[in-house]
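Take a look at the letters that make up each chain.
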Amino acid sequence: MDHHSLPTVRSRAVLAAAAAAGLLAVTVASAPATYAASKVPHRVHPSPSHFTHGRVDNPWFPLKPGTRYVYRGSEEGVPERDVLVATYDSRTVDGVVCRVVFDRVWKHGRLDERTHDFYAQTRRGTVWYFGERTANLNRHGHVISREGSFMSGVDGAQAGIFMTPHPHRGPSYRQEDYPGHAEDVFTVVRRGAHVVVPILDTRHALLTRETTVLEPGVVDHKYYVRDLGTVRELTVKGGSESIRLVSVSHVPRP
């Protein structure tokens, strides 16, 4: 599953080691190993006139241009740093003007992955995910894979719902809808979840569960905080990856 920016957890993480080191300070809710994606309906995004032309200000996933998020953690014991920037750029995908998010992941201090993600929000506040252009790099900085890339409206891919305006427990949504390549599904587990990261400690987070038929048995949890966005991602079953938000800053317009 992808960070998406943030984000979702792009690989698997090290919870046992983090807990032993006193780094894991969240309560993990139990969750089934898989979710039947076939039960989650495919949705066609509204017409372009229903969108805000690049503005994304859903309080659970705001993408104010110039905001820079830095996450740190590990994957299978390998230190990981993830830097995500809500850029000033927009791009039209499948007829809809999207905000461009630039996401880069370093492992052992080396750039391992770079991704451009495309998000758009309806006037009622639902954030849709219109695709991503991702590249995995080798130690020399050469692209070795673009697997997971997709664009709504191309080769049967469709935009997916990334965040609703008033998330509540129960419903499941397809975040990515490109069969065989990108098929993330998320479900709201609860509101009022407790999460601790270096920059905050709150009991008012939104907790979601993410699964995909492409990685059976793997379950990721993500924590969102109002007016901030994603603050924590971790694998709770089928792997071990964990990242936490360590700083938020503003990048001036070029």
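Residues numbered from 1 in each chain as written. Predicted model: local features only at pLDDT ≥ 70, side-chain atom pairs only at ≥ 80, totals over all residues. Heavy atoms only, no water.

1. Observations regarding a positive patch on the surface
- A cluster of basic residues, Arg91, Arg114, Arg133 and Arg146, forms a positive patch on the protein surface.
- In this structure, Arg146 sits in the loop between β6 (143–145) and β7 (150–151). (Patch = residues over 30% accessible without salt bridge, like charges linked within 9 Å, V, L, I, M, F, W, Y side chains within 5 Å. Areas by Shrake-Rupley, 256 points an atom, 1.4 Å probe, with all protein chains shown as cover. Salt bridge = Lys/Arg side-chain N within 4 Å of Asp/Glu carboxyl O. Lys, Arg positive; Asp, Glu negative; His and termini not counted. Charge placed at Lys NZ, Arg CZ, Asp CG, Glu CD. Helix = DSSP H or I, 4+ residues; strand = E, 2+ residues; numbered from the N terminus.)

2. With respect to the packing of aromatic side chains
- Tallied over the entire structure, the rule returns ten aromatic pairs.
- Measuring from centroid to centroid gives 5.7 Å for Phe51 and Phe130, while their planes differ by 75 degrees, and the two rings are edge-to-face. Of this pair, Phe51 sits in the loop between α1 (15–20) and β1 (67–75) while Phe130 sits in strand β5 (residues 127–137); the two residues are 79 residues apart in sequence, bridging distant segments of the chain. Accessibility classification places Phe51 together with Phe130 in one group, the buried group.
- Above the face of the Trp106 ring, Arg81 is positioned so that its terminal group lies 5.3 Å from the ring centre. (Phe/Tyr/Trp six-rings, centres within 6.5 Å; stacked < 30°, edge-to-face > 60°. Buried < 20%, exposed > 50% of the residue type's maximum accessible area, 1.4 Å probe, protein only. Lys NZ or Arg CZ within 6 Å of the ring centre and 35° of its normal.)

3. Examining the pattern of salt bridges
- Overall, the coordinates contain six salt bridges when judged by the stated rule.
- Across the pair Arg110 and Asp112 runs a salt bridge, and its minimum N-O distance is 3.6 Å.
- What makes Asp112 buried here is its relative accessible area of 15%.
- Connected through salt bridges with shared partners, the residues Glu75, Glu80, Lys107, Arg110 and Asp112 form a single ionic network.

4. Remarks on the pairing of strand β12 (residues 200–212)
- Across the 13 residues of β12, ten count as buried, placing the element largely inside the fold.
- Two strands pair when backbone bridges link them, and strand β11 (residues 184–197) and β12 are joined in this way by eleven bridges, in the antiparallel orientation. By the bridge assignment for β12, Phe186 is matched with Glu210.
- Hairpin connection from β11 to β12: two residues lie between these consecutive antiparallel strands.
- In this sheet, strand β13 (residues 219–225) lies alongside β12 in antiparallel orientation, the contact comprising five bridges. For Glu210, the partnering residue across the bridge sits in β13 and is Asp220.
- Connecting β12 to the antiparallel partner β13 that follows it, the hairpin turn spans six residues, and Gly217 within it adopts a positive phi of roughly 85 degrees. (Pairing = 2+ DSSP bridges.)

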